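# Breakdown of the fold
Spelled out from the first residue to the last, the chains are:
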Amino acid sequence: MEKKKYYLTTAIAYTSGKPHIGNTYEIVLADSIARYKRLEGYDVKFQTGTDEHGQKIELKAAEASVTPKQFVDDVSTEIKRIWDLMNTSYDKFIRTTDDYHEKQVQKIFKKLYEQGDIYKGHYEGMYCTPCESFFTPSQLVDGKCPDCGRECQAAQEEAYFLKLSKYTDRLIEHINTHPEFIQPESRKNEMMNNFILAGLQDLCVSRTSFKWGVPVDFDDKHVVYVWIDALSNYITGLGYDVDGNHDNLYNEYWPADLHLIGKDILRFHTIYWPIMLMALDVPLPKQIFGHPWLLQGDGKMSKSKGNVIYADDLVDVFGVDAVRFFVLHEMPFESDGIITWDLVVERVNSELANTLGNLVNRTISMSNKYFGGVVNNKGVSEEVDNDLKKVVLDTPVKVAQKMEKLRVADAITEIFTLFKRCNKYIDETMPWALAKEEDKAERLETVLYNLIESITIGASLLEAFLPETSEKILKQLNTVKRNLDDMTEFGKYPSGNKVTDAPEILFARLDAKEVLAKAEEIKKAQAGPKYPEVEPKAEITIEDFDKIQLQVGEVIACEKVKKAKKLLVSQIRIGNEVRQIVSGIALHYEPEQMVGKKVAVVTNLKPCKLCGIESQGMILAASDDENNLSVLTLDKDMISGSEIC
C-alpha cells in the first residue's frame, strides 16, 4: 500500500545574519512535526532554505566589502550549519539564488503580467528596509514600521503591482469555507479583521532602487520584489514549471499540507501567497500555521538590544536534545514563549535529569543488580499494574490527538506524564523491598518488565522531539523504536532480553551558577567592545576651538608627587622651553614609563597649583568605563613644539 504524502515547509530564513534561537525554533518545530508524521506512516517531504535577495542584503554586503553573492553564500552556509547542528531532518534546502528558482520566478512574473494580474505604475509611500515592506502613513505605528518598530523612509519609484483587489472576494470565500486554512484561530481573525475585510490595496512587486534581486526579464530596470521571489520557493522547490512541465515531485506533493511560519510574516503567506497561486491557477496549501515568538526574558531578541541567544551557544552548554526539549516544550500554542539561561537549567534538571534520566538509569541499574540485566515477564500482576498500563497505552492516542492540532508542547507533556507515572510506579511497588523476599522474585521481575516496556513506548514516542535521546534509551534497553501500530497492546518487549550492563547518564544535573557564569562569558564575547557613554557638552564653533593651543611635548623627566597617590609631575620640553605639568595619571603610569614620550599638551591653559606644585598646562589623555587610561601620543616622531591642529 502506497504511503500518504505529506509536504511540510518552513519559512525560508533571511540571509541578513546568523539565526538566533528564536529563528531556530521554527526549524526544530517543523522537524518534530515531520518526524512524527513519518512515525504515523506518511511519506514526508520537508523543505526549508534561505531567502537571499533584497536591498538589505545589498547594503550589508557593501558594509562587509564583499559581493552580495559572497555575502549570502557565507550566511546561507551558516544557517544550514545551525539547522544541521539541531539534528533537523529536512529533505530539501532551497536557496533563492538557485538558478532553477530564479528562472521560474521570472516566468511567474511574466505570466502574471501578460494575463493582466501585474501592471506597471508608480509607488509612493513609507518603506521599511529591514522588513522590505511598503506602508501607507496610516499603517505606521507612532510613525514607525508596524512589524518591526523601526524607522521608515519616504520612497517614490516606478513599480509593478499585483492586483490583490481582483482576488479579495475569492480569498475571503476560501478562508470561510476552509476553517483549517489559517491556524491558530486567533491568527485567522487577525488577518480577516485587520487586513482583508478592511480592503486590500494592490501590492508593489518590483523595485528599481537596488539591483540585488531576480531581474524582470522584460524590463531590466526592475528586480522582482522579495515576496514573489521568496514565496515561490514552496513550489519551485518541488519542480513547478509555469509552462506545465512539472517535476514528478510537484505532482506528488503539492498542495502543501502545512506552511509553518512565524506570526510576523502571516500577512504575506495568508494574503499575498494565496492570491499569487489563484492567479497562477495553482491549488492553495491546505494549512498555514503562524507560530508565536520565542522571546528573551527582556523581550524580542535583537543585536541592537544585546540580548541575542544563539542555538550553537546553548548546544555547547546543554546539548542538542536539551535545547530541542526546551524550545518545543516551553512554547505556548498561541502566545509568545520565554527563554533565559536559568530557565533552561531549571527544565533540564527537573524534567530531563530527574524525571527521564533518573527513571531510565535506576530501572536499568535494578535490572542488572537483581537479575544480571535479563528482563523477564513472569506475569505476576497486581492491581497497581493496571493503572500504569492504562496510562502507557493511552499516551500514544493522546499524543496523536495533540499532534493533529499541532500542539507539540502538549504532546511532549503527555509523554512526560508517562515517564512520571513510571517513577510513581517504582515508589508504589518498591522493587528494593521485593528483592529482600525470595518468594517475591517473580513479582520483582514482572515489575521491572513493566517498567522496561513502558519506557520503550515512551522513548519511541519521544523520537520525534528528542531523537538522540530516544535512540540512546532504546539502545540501552537493547530494543528498537516501536511503531504506532505496536503501541496498542502492552507486553511486546521480548521476555528474556538483556539490557545494557553499563547505563549511560542521559542528562547530568547542572549547577546554575556555573551555567550562568558561562552565559556571561558568551554574552561578553558576543558584545565585543563596550563603548563608554559620554555626556555631550554644548556645541562650540570653530572660533571657540581655535582658542585652544595644542602642541607636541617631549617628557624629559617625571616623578611622583609626595602625599598624592594619583599625581605625577613631569618636565616637558615644548620647543625652546621646558614646562612643568602635574597630571592625575600615577595609577596608570610609573614615572620612568613617561620619560621620552611625545605627548599632546594644552599649552595656553592658565597655570594652577595642585598639591602646592604649579602646573603650566595639561597632558591630554583618554579614559573609558573600564577605568583604563592612556595618554595621547603621536604615531610619528614629531619635533617637540609642533602645533596640533
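Everything discussed here concerns the structure shown above.
The rules behind these values
- Residues numbered from 1 in each chain as written.
- Predicted model: local features only at pLDDT ≥ 70, side-chain atom pairs only at ≥ 80, totals over all residues.
- Heavy atoms only, no water.
- Buried < 20%, exposed > 50% of the residue type's maximum accessible area, 1.4 Å probe, protein only.
- Helix = DSSP H or I, 4+ residues; strand = E, 2+ residues; numbered from the N terminus.
- Pairing = 2+ DSSP bridges.
- Patch = residues over 30% accessible without salt bridge, like charges linked within 9 Å, V, L, I, M, F, W, Y side chains within 5 Å.
- Areas by Shrake-Rupley, 256 points an atom, 1.4 Å probe, with all protein chains shown as cover.
- Salt bridge = Lys/Arg side-chain N within 4 Å of Asp/Glu carboxyl O.
- Lys, Arg positive; Asp, Glu negative; His and termini not counted.
- Charge placed at Lys NZ, Arg CZ, Asp CG, Glu CD.
- 1 Å grid on protein atoms, 1.4 Å probe; cavity = no way out; pocket = protein on both sides within 12 Å on 5 of 7 lines; lining within 4 Å.
- Points joined across faces, edges and corners; volume = space filled by probe spheres on them.
- Nonpolar A, V, L, I, M, F, W, Y, C, P; charged D, E, K, R; others polar.
- Core = buried A, V, L, I, M, F, W, Y, C linked by side-chain atoms within 4.5 Å.
- Contact = heavy atoms within 4.5 Å.
- Expected span 1.5 Å × (residues − 1).
- Arc of directions from axis to C-beta.
- Polar contact = N/O pair within 3.5 Å; in protein donor to acceptor, adjacent residues only side chain to side chain.
- Phe/Tyr/Trp six-rings, centres within 6.5 Å; stacked < 30°, edge-to-face > 60°.
- Lys NZ or Arg CZ within 6 Å of the ring centre and 35° of its normal.

### Remarks on the pairing of strand β3 (residues 43–51)
For β3, the tally of buried residues reaches 8 of 9 residues, placing the bulk of the element in the interior. As paired strands, strand β1 (residues 5–10) and β3 are joined by 5 bridges and run parallel to one another. The residue bridging Tyr 6 from the neighbouring strand is Val 44, located in β3. Pairing analysis gives 4 bridges linking β3 to strand β4 (residues 92–95), with the strands arranged parallel. Bridging from a neighbouring strand, Gln 47 pairs with Lys 92 of β4.

### Looking at a negative patch on the surface
A surface patch of like charges, here negative, comprises Glu 533, Asp 624, Asp 625 and Glu 626. Among the secondary structure elements, Asp 625 is positioned in the loop between β25 (621–623) and β26 (629–631). The exposure class assigned to Asp 625 is partly exposed, which follows from its relative accessible area of 48%.

### A closer look at the pattern of salt bridges
Scanning the entire structure with this criterion turns up 44 salt bridges. Put simply, Glu 463 and Arg 35 hold a salt bridge, and the shortest N to O gap is 2.8 Å. Separated by 428 residues along the polypeptide, Glu 463 in the loop between α17 (441–462) and α18 (467–476) and Arg 35 in helix α1 (residues 21–39) bring together distant segments of the chain. Taken as a pair, Glu 463 and Arg 35 share a single burial class, namely buried. Residue Glu 382 is joined to Arg 443 by a salt bridge in which the shortest nitrogen-to-oxygen separation is 3.5 Å. Taken together, the residues Glu 382 in the loop between β16 (374–375) and α14 (383–404) and Arg 443 in helix α17 connect sequence positions 61 residues apart. Since its relative accessible area comes to 4%, Arg 443 is described here as buried. Overlapping salt bridges bring together Asp 31, Arg 35, Arg 324, Glu 463 and Lys 481 as one network.

### A few points about the layout of surface pockets
Within this model, the second largest pocket holds a volume of roughly 760 Å³. Lining the second largest pocket we find 34 residues, and of these Phe 135, Gln 139, Phe 195, Arg 267 and Tyr 272 sit closest to its centre. Counting residues per element, the ones that place at least two in the lining of the second largest pocket are β5 (118–128), β6 (133–135), α6 (185–196), β9 (203–204) and α10 (266–280). Residues of the lining of the second largest pocket, tallied by class, amount to 18 nonpolar, 7 polar and 9 charged.

### Let's talk about a nonpolar patch on the surface
The grouping of Ile 540, Ile 542, Phe 545 and Ile 548 at the surface amounts to a nonpolar patch, some 410 Å² of accessible area in total. If you trace the backbone, Ile 540 turns up in the loop between α19 (512–527) and α20 (542–545). What makes Ile 540 exposed here is its relative accessible area of 53%.

### Concerning the nonpolar core
One finds Leu 8, Ile 21, Ile 33, Phe 318, Trp 341, Leu 356 and Phe 465 to be the most contacted residues of the largest nonpolar core, which totals 104 residues. In this structure, Trp 341 is in contact with Ile 309, Asp 313, Leu 314, Val 317, Phe 318, Val 515, Leu 516, Ala 519, Ile 522 and Lys 523, ignoring residues within four places of it in sequence. With 65 residues, the next largest nonpolar core counts Cys 204, Val 216, Val 224 and Ile 261 among its residues.

### Digging into α19
The terminal C-alpha atoms of α19, which comprises 16 residues, lie 22 Å apart, in line with the 22 Å expected from a rise of 1.5 Å per residue. Those residues of α19 lying buried are Val 515, Ala 519 and Ile 522. Along the axis of α19, the buried positions cluster into a sector of 60°, meaning they face one direction only. For α19, exposure combined with an orientation more than 90 degrees from the buried face picks out Lys 513, Glu 514, Glu 521, Lys 524 and Ala 527. Elements in contact with the buried residues of α19: α11 (311–318) and α13 (341–371). The N-terminus of α19 is capped by Asp 511, whose side-chain oxygen sits 2.9 Å from the backbone nitrogen of Lys 513.

### Concerning the side chain of Arg 421
You can see Arg 421 is positioned in helix α15 (residues 408–429). Residue contacts for Arg 421: discarding those within four places in its chain leaves Val 384, Asp 387, Leu 388, Val 391 and Glu 428.

### Overview of the packing of aromatic side chains
If you walk through the whole model with that rule in mind, you get 19 aromatic pairs. On the numbers, 6.2 Å between centres and 65° between planes, the contact of Tyr 7 with Trp 254 is edge-to-face. With Tyr 7 in strand β1 and Trp 254 in the loop between α9 (248–253) and β12 (258–262), the pair connects residues that are 247 residues apart, well separated along the chain. Here Tyr 7 falls in the buried class, since its relative accessible area comes to 0%. Summarising the aromatic geometry, the rings of Tyr 119 and Phe 161 are spaced 5.7 Å apart at their centres and angled 20° between planes, so their arrangement reads as stacked. Pair noted here: Tyr 119 is in strand β5 and Phe 161 is in strand β7 (residues 153–162), with a separation of 42 residues, a long-range link. Assessed through its relative accessible area of 30%, Tyr 119 is described here as partly exposed. What makes Phe 161 buried here is its relative accessible area of 6%. We note Lys 18 situated over the ring of Tyr 310; from NZ or CZ to the ring centre the distance is 4.6 Å. Across from the ring centre of Tyr 127, 4.1 Å away, lies the NZ or CZ of Arg 207, which sits over that ring.

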